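Structural features, examined
Chain by chain, the residues run as shown.
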Amino acid sequence: MKKFIGVFLAIILIISQSTLVFADKNPANLNLKCKSAVLMDVTSGKVLYEKDCHEKLPPASVTKVMTMLLICEAIESGKIKLTDEVTISENASSMGGSQIFLEPNETQTVDTLLKGIAVASANDACVAMAEYIGGSVEEFVDMMNKRAKELGMNDTNFVNTNGLPVDNHYTSAYDIALMSRELLKHEMIEKYLTTWMDSVVVGKKQAKIGLANTNKMIKYYNGATGVKTGFTGAAKYCVSASAKRGKTHLVSVVLRGETSQERFKDASTLLDYGFANYESIKICSKNEKLYTLNMRKADDENIDLVSKDDLGILIKKGDSKEFTKKIKINDNIKLPIKEGTTLGKAMIYQDGKLVDEVELVNNKPIEKASYLQMLKRLAENII
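Bear in mind that the values here come from a model prediction, so they are computed numbers and not experimental data.

Strands sit in the order S3-S2-S10-S9-S8 across an open sheet of 5 strands; the sheet is antiparallel. Two strands close off the open sheet at either side, each with one partner strand: strand S3 (47–51) and strand S8 (224–232). Across the sheet, the mean angle from the axis of one strand to that of its neighbour is 5°, orientation sign disregarded. Bridge count for S8 against strand S9 (residues 236–245) is 8 bridges, and the pairing is antiparallel. Bridge pairing in S9 places Gly226 opposite Ser242. Of the strands in this sheet, strand S2 (36–41), S3, S8, S9 and strand S10 (248–257) touch helix H9 (residues 260–277), which is tilted by about 150° from S10.

All right, on to the confidence of the model for the protein then. This prediction gives the protein a mean pLDDT of 89; 91% of its residues lie at or above 70. Counting interchain partners and residues more than four positions distant, the pLDDT-below-50 stretch residues 1–23 has 66 contacts.

Let's shift gears to the pattern of salt bridges. Counted by the stated rule, this structure contains 13 salt bridges. Where Lys35 meets Glu55, a salt bridge forms, and the shortest distance between an N and an O atom there is 3.9 Å. Separated by 20 residues along the polypeptide, Lys35 in the loop between strand S1 (8–13) and S2 and Glu55 in the loop between S3 and helix H1 (64–76) bring together distant segments of the chain. We classify Glu55 as partly exposed; its relative accessible area is 28%. As a salt-bridge pair, Lys308 and Glu359 come within 3.3 Å of each other at their nearest N and O atoms. Here Lys308, found in the loop between strand S13 (302–307) and strand S14 (311–316), pairs with Glu359, found in strand S17 (residues 353–362); they are 51 residues apart in sequence, far enough to count as distant. Connected via shared salt-bridge partners are Glu73, Arg147, Glu150, Glu182 and Lys185.

This brings us to the packing of helix H4 (residues 123–134) against helix H5 (residues 137–150). Helix packing for two helices is described by the angle between their axes and how far apart those axes are. The contact between H4 and H5 brings their axes to 8 Å, and the two run at 85°. Overall, the two elements H4 and H5 adopt an arrangement that is roughly perpendicular. Contacts from Val127, Ala130, Glu131, Ile133 and Gly134 in H4 reach Val137, Glu139, Phe140 and Met143 in H5. Each residue belonging to the contact of H4 with H5 can be placed in one class, and the counts come to 6 nonpolar, 1 polar and 2 charged.

Cut-offs and rules
- Residues numbered from 1 in each chain as written.
- Predicted model: local features only at pLDDT ≥ 70, side-chain atom pairs only at ≥ 80, totals over all residues.
- Heavy atoms only, no water.
- Pairing = 2+ DSSP bridges.
- Helix = DSSP H or I, 4+ residues; strand = E, 2+ residues; numbered from the N terminus.
- Axes fitted to C-alpha atoms, helices over the stretch in contact; angles between N-to-C directions.
- Contact = heavy atoms within 4.5 Å.
- pLDDT = per-residue confidence, 0-100.
- Salt bridge = Lys/Arg side-chain N within 4 Å of Asp/Glu carboxyl O.
- Buried < 20%, exposed > 50% of the residue type's maximum accessible area, 1.4 Å probe, protein only.
- Parallel < 35°, antiparallel > 145°, perpendicular 65-115°, else oblique.
- Nonpolar A, V, L, I, M, F, W, Y, C, P; charged D, E, K, R; others polar.

Following this line, the structure appears as structure tokens:
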């Protein structure tokens, strides 16, 4: 097995893919009016433009990007289901601001509550889901801050789930882009984020409440995929706006715009700039097979290694499209191996320089070969 471990395999691929080229971070012709902004490629996470993007500012309801992310992760991990019924507490029903007018002790499905958050920015639905997933709002906020640190959101501290004004609740345009990018990885959220109008039935009288998406870009911006708006007196007008054209998926974040129209204009300007100058090339998809590892002492000698995540390269339009992919397998791999263990990585090079990389994992458990299997293999080799 050792002769297969530590192998450094170079595969030259001349296909329509290339390396990242960084943009001029502050092109003078954008003339944004907002206080802080960032434009990020969703696939690679690369920043194409920034304006004071690490300044700590109140995010208002854009906070709910993290709330929705934790809901999606709880659903996809099997902790909760969209069909689960959630009992609404006095605390949840008492939330002011944007709401869907939930009443104490009524029940609503996770699906309805998530719709209320994504489309109507419902503060009451946020608290109901926080209590359902975390047991309490305080515990859920701790989960939000823990997830923020895992994502590298170093400019962030959450105090509540919905962004209602409170001391010490802040984030940055850059951090919002990070959590927006993570949320957009969950395919299930797209139908909620892109719903323009809908309705929910709430309360003892079963009142029908109309919902209209607070993100007007869903209606008028070509390829819009989300994400979330926000407004308070302190935060002013904020938005995390994403759009996809072809394989290029971008997210623009605007904080502290003076008017609602101004925030959408700035977000559109950022996205227009990105689509005009850059294109994203997907190298591989999550769970795509990239290498076959031979392990003679494993129950299955040939082990598929797959990409742990999506991997894409952002290129400036018109640039060269040649790169080198190299596979590196970890040393000293020991059996048995749990499913999803990192056993190596795929690295993308341009002109000898590392551009990006992705971990390679096994897509099923790997056990030691049985005594009979080893005897059979020995016999086959002798023959």
